[in-house]
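For reference, the chains in residue letters:
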Amino acid sequence: MMRVKDSVVVITGASSGIGRAAALRFAGKGARLVLAARGAKALETVARECRKRGAKAIAVPTDVTDPDAVEELAARAVREFGRLDVWVNNAAVGAFGRLSEVPPKEFQRVLDVNISGYVNGARAALARQAAQNSGVLVNVASIVGEIPLPYSAAYSISKAANRALSVSLRSELARDGVSGVKVCSVLPATIDTPFYQHAANYSGRRAVAMPPVYTPERVAKAVVKVVAHPRRETVVGGLTGRLLVLQHRVTPGAVEAATARQVDTSQLSRRRSTPVTAGNLHQASEALRKGTVRGGWGGGWRTAGRRAMVAVALAGTVAVAGNRLARPLR
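Being a predicted model, the structure only gives us computed values, none of them experimental.

## Side note on helix α3 (residues 67-81)
Note on helix geometry: an α-helix contains 3.6 residues per turn, so any two residues three or four positions apart are oriented the same way.
In step 1: For α3, built from 15 residues, the straight-helix expectation of 21 Å at 1.5 Å per residue is met to within 8% by its first-to-last C-alpha distance of 21 Å.
In step 2: Here α3 has its buried residues at Val 70, Leu 73, Ala 74, Ala 75, Ala 77 and Phe 81.
In step 3: Buried residues in α3 make contact with β1 (8-12), β2 (32-36), β4 (86-89) and α4 (104-132).
In step 4: The N-cap of α3, judged by a side-chain oxygen 3.0 Å from the amide nitrogen of Asp 68 a few residues on, is Asp 66.
In step 5: Directly after α3, the chain includes Gly 82, whose backbone phi takes a positive value near 90 degrees.

In structure tokens, the structure reads:
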């Protein structure tokens, strides 16, 4: 168990969405914060909001794909506060489109940010935490790391890799006898953040948040909780999310078919087209420079999607109850 109050917490991708929500929640708990993202203006705004809540917070503009910059981020935390207790790997980008539609350079950029960025963060954090024999590394992955989605191959690959990274690191720490450092994965479902507005899009169709949609504050609460009470993996998305993960392990074909239909009808709009854009893959978008927690995806329209996904998820409980786990997976 780690005491959150007065702990030194580094959060990447802190300028908007889940990262911003996590920063504010940690601030409310009395943590000392080192906030990182590419957009300096939005980052400083978050730091100011954290300080208004009584927390000590500094903004360190950082591109997580640069190993030297990430190493300096960790060093800055230690110089400023004397130690490094918590590192939250959260900075991520996405690109919508078929595999054949997303240019190789942009596909690789998603992997560089979402995988190499997490590796750079883990390397910098664990070097210091292992020396202390205390600390928590949180990798914010996604439920798509368990159930990859069509038109989001790069993002899905990266989130599966984030989960694998956590497993590998836990094994290494155990083999090295570093019992005081914990590595946790958090798997959000669809979250109401600006991600969809800022992502690259080569599909020709407007990307929207696929229901059911949950608040970023809910993820922030889960992140703070796993820091205080570390556990290997936490799904954020209510009963629906947890049941979908279970169901996918039992009958992957049925879940993959259902989620693919859901994406095709609920995530990429056939009614509204959009021009090709690289989004914020290479630089913070103009909107992102201001930074917001939410993306405006809440509302009653999500109910139908919730019902559809709940129906798929509940089928999993029936399968388990019927001992379907004993059958070969397809």
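## Brief notes about the environment of Gln 267
In step 1: The topology assignment puts Gln 267 in helix α9 (residues 252-267).
In step 2: Of the residues examined, Gln 267 reaches a relative accessible area of 4% and is grouped as buried.
In step 3: In this structure, the C-alpha to C-alpha distance between Gln 267 and Tyr 151, residues 116 residues apart in sequence, is 9.8 Å.
In step 4: Aside from chain neighbours lying at most four places away, what touches Gln 267 is Phe 96, Leu 149, Ser 152, Tyr 196, Arg 206, Ala 207, Val 208, Met 210 and Gln 262.

## Side note on the sheet that holds strand β6 (residues 135-140)
Pairing between sheet strands relies on hydrogen bonds along the backbone, with the strands arranged either parallel or antiparallel.
In step 1: Read across the sheet, seven strands follow the order β3-β2-β1-β4-β6-β7-β10 without closing on themselves; strand pairing throughout is parallel. At either margin of the open sheet sits one strand with a lone partner, and together these are β3 (57-59) and β10 (233-236). Averaged over neighbouring strand pairs, the angle between their axes works out to 15 degrees when direction is ignored.
In step 2: Looking at chain direction, β1 and β2 are connected through five bridges and run parallel. Among the inter-strand pairings, Val 8 is bridged to a residue of β2, identified as Arg 32.
In step 3: With respect to the sheet, α3 is in contact with β1, β2, β3 and β4, its orientation differing from that of β2 by roughly 160 degrees.

Calculation notes
- Residues numbered from 1 in each chain as written.
- Predicted model: local features only at pLDDT ≥ 70, side-chain atom pairs only at ≥ 80, totals over all residues.
- Heavy atoms only, no water.
- Helix = DSSP H or I, 4+ residues; strand = E, 2+ residues; numbered from the N terminus.
- Expected span 1.5 Å × (residues − 1).
- Buried < 20%, exposed > 50% of the residue type's maximum accessible area, 1.4 Å probe, protein only.
- Contact = heavy atoms within 4.5 Å.
- Polar contact = N/O pair within 3.5 Å; in protein donor to acceptor, adjacent residues only side chain to side chain.
- Pairing = 2+ DSSP bridges.
- Axes fitted to C-alpha atoms, helices over the stretch in contact; angles between N-to-C directions.

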